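Here is how the chains run, residue by residue.
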Amino acid sequence: MAKLAVKLREKFRRQTVAKFKARRAALLETLRSPRATDEARDEARLRLQKLPRDASPVRLRNRCALTGRPRGVFSKFGLARSKLRELALRGEVPGVIKASW
């Protein structure tokens, strides 16, 4: 199980990404626009660099909703493989049954 601080850090990163999403999109659009002047691109690049590092969605990590485990997470359920298996065997995940043939 991940430490509480790690889970909270990830939670605040998600909030920061959501907060700066529109601003980042506008700056990136300016950078990618073929009609933008060189001065506008330079200004957009500087403003993009001044945003917080945690505003970048690349820094997000999928974690298990129950344990905080960073690896083996099924994004459809938001659970790590071990917890998904436990809940599926107990019948607590709708639409999931154990395979047998």
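Residues numbered from 1 in each chain as written. Predicted model: local features only at pLDDT ≥ 70, side-chain atom pairs only at ≥ 80, totals over all residues. Heavy atoms only, no water.

Trainee: Explanation requested: the overall build of the protein in the structure shown.
Mentor: Summing up its helical and strand segments, the protein has three helices and two strands in all. Helices and strands in the protein line up, N terminus first, as α-α-β-β-α. By the compact-globule yardstick of 13 Å for 101 residues, the protein is too spread out, its C-alpha radius of gyration being 20 Å. Structurally, the protein occupies a C-alpha span of about 65 × 35 × 15 Å along its principal axes. The proportion of buried residues among the 101 residues of the protein is 25%. Looking at the protein alone, contacts between residues at least 24 apart form 39% of all its contacts between residues at least 6 apart. Charged side chains of the protein number 28 positive and 9 negative; the gap between the two group centres comes to 11 Å. (Helix = DSSP H or I, 4+ residues; strand = E, 2+ residues; numbered from the N terminus. Rg over C-alpha atoms; globule rule 2.2 N^0.38 Å. Buried < 20%, exposed > 50% of the residue type's maximum accessible area, 1.4 Å probe, protein only. Contact = heavy atoms within 4.5 Å. Lys, Arg positive; Asp, Glu negative; His and termini not counted. Charge placed at Lys NZ, Arg CZ, Asp CG, Glu CD.)

Trainee: Teacher, can you tell me more about a positive patch on the surface here?
Mentor: Taken together, Arg61, Arg69, Arg71 and Arg81 make up a surface patch of like positive charges. Assignment of secondary structure puts Arg61 in the loop between α2 (38-50) and β1 (73-74). Arg61 gets classed as partly exposed once you look at its relative accessible area, which sits at 38%. (Patch = residues over 30% accessible without salt bridge, like charges linked within 9 Å, V, L, I, M, F, W, Y side chains within 5 Å. Areas by Shrake-Rupley, 256 points an atom, 1.4 Å probe, with all protein chains shown as cover. Salt bridge = Lys/Arg side-chain N within 4 Å of Asp/Glu carboxyl O.)

Trainee: Please clarify how the pattern of salt bridges should be interpreted in this entry.
Mentor: Once their charged atoms are close, side chains differing in charge can pair, the charge on each being opposite to the other. Using the criterion set out here, one finds seven salt bridges in the structure. Across the pair Asp42 and Arg45 runs a salt bridge, and its minimum N-O distance is 3.1 Å. With Asp42 and Arg45 both in helix α2 and three residues apart, this pair spans about one turn of that helix. Glu86 is the salt-bridge partner of Lys83, the closest N and O atoms lying 3.3 Å from each other. Separated by three residues within a single helix, Lys83 and Glu86 lie in helix α3 (residues 81-90), roughly one turn from each other. Accessibility expressed as a relative area gives 36% for Glu86, which makes it partly exposed. Each of Arg13, Asp54 and Arg59 takes part in one network of salt bridges that share partners.

Trainee: Would you explain helix α1 (residues 4-32) in this entry?
Mentor: An α-helix turns once every 3.6 residues. As a result, residues three or four positions apart point the same way. With 29 residues, α1 extends 39 Å from end C-alpha to end C-alpha; this agrees with the ideal 42 Å at 1.5 Å per step. Of all bends in α1, the biggest is about 50°, found at Lys21. Listed as buried for α1 are Val6, Glu10, Arg13, Thr16, Val17, Phe20, Arg24 and Leu27. Looking at the packing, one finds that the buried side of α1 touches α2. (Expected span 1.5 Å × (residues − 1). Bend = angle between axes of the 7 residues up to and from the residue.)

Trainee: Help me understand the packing of aromatic side chains in this model?
Mentor: Ring pairs (aromatic) are described by centroid distance and by the angle formed between their planes. Summed over the entire model, instances satisfying the criterion amount to zero aromatic pairs. The ring of Phe12 has Lys11 lying over it, and the distance from NZ or CZ to the ring centre is 6.0 Å. (Phe/Tyr/Trp six-rings, centres within 6.5 Å; stacked < 30°, edge-to-face > 60°. Lys NZ or Arg CZ within 6 Å of the ring centre and 35° of its normal.)

Scope: geometric values only; no functional claims are made or implied.
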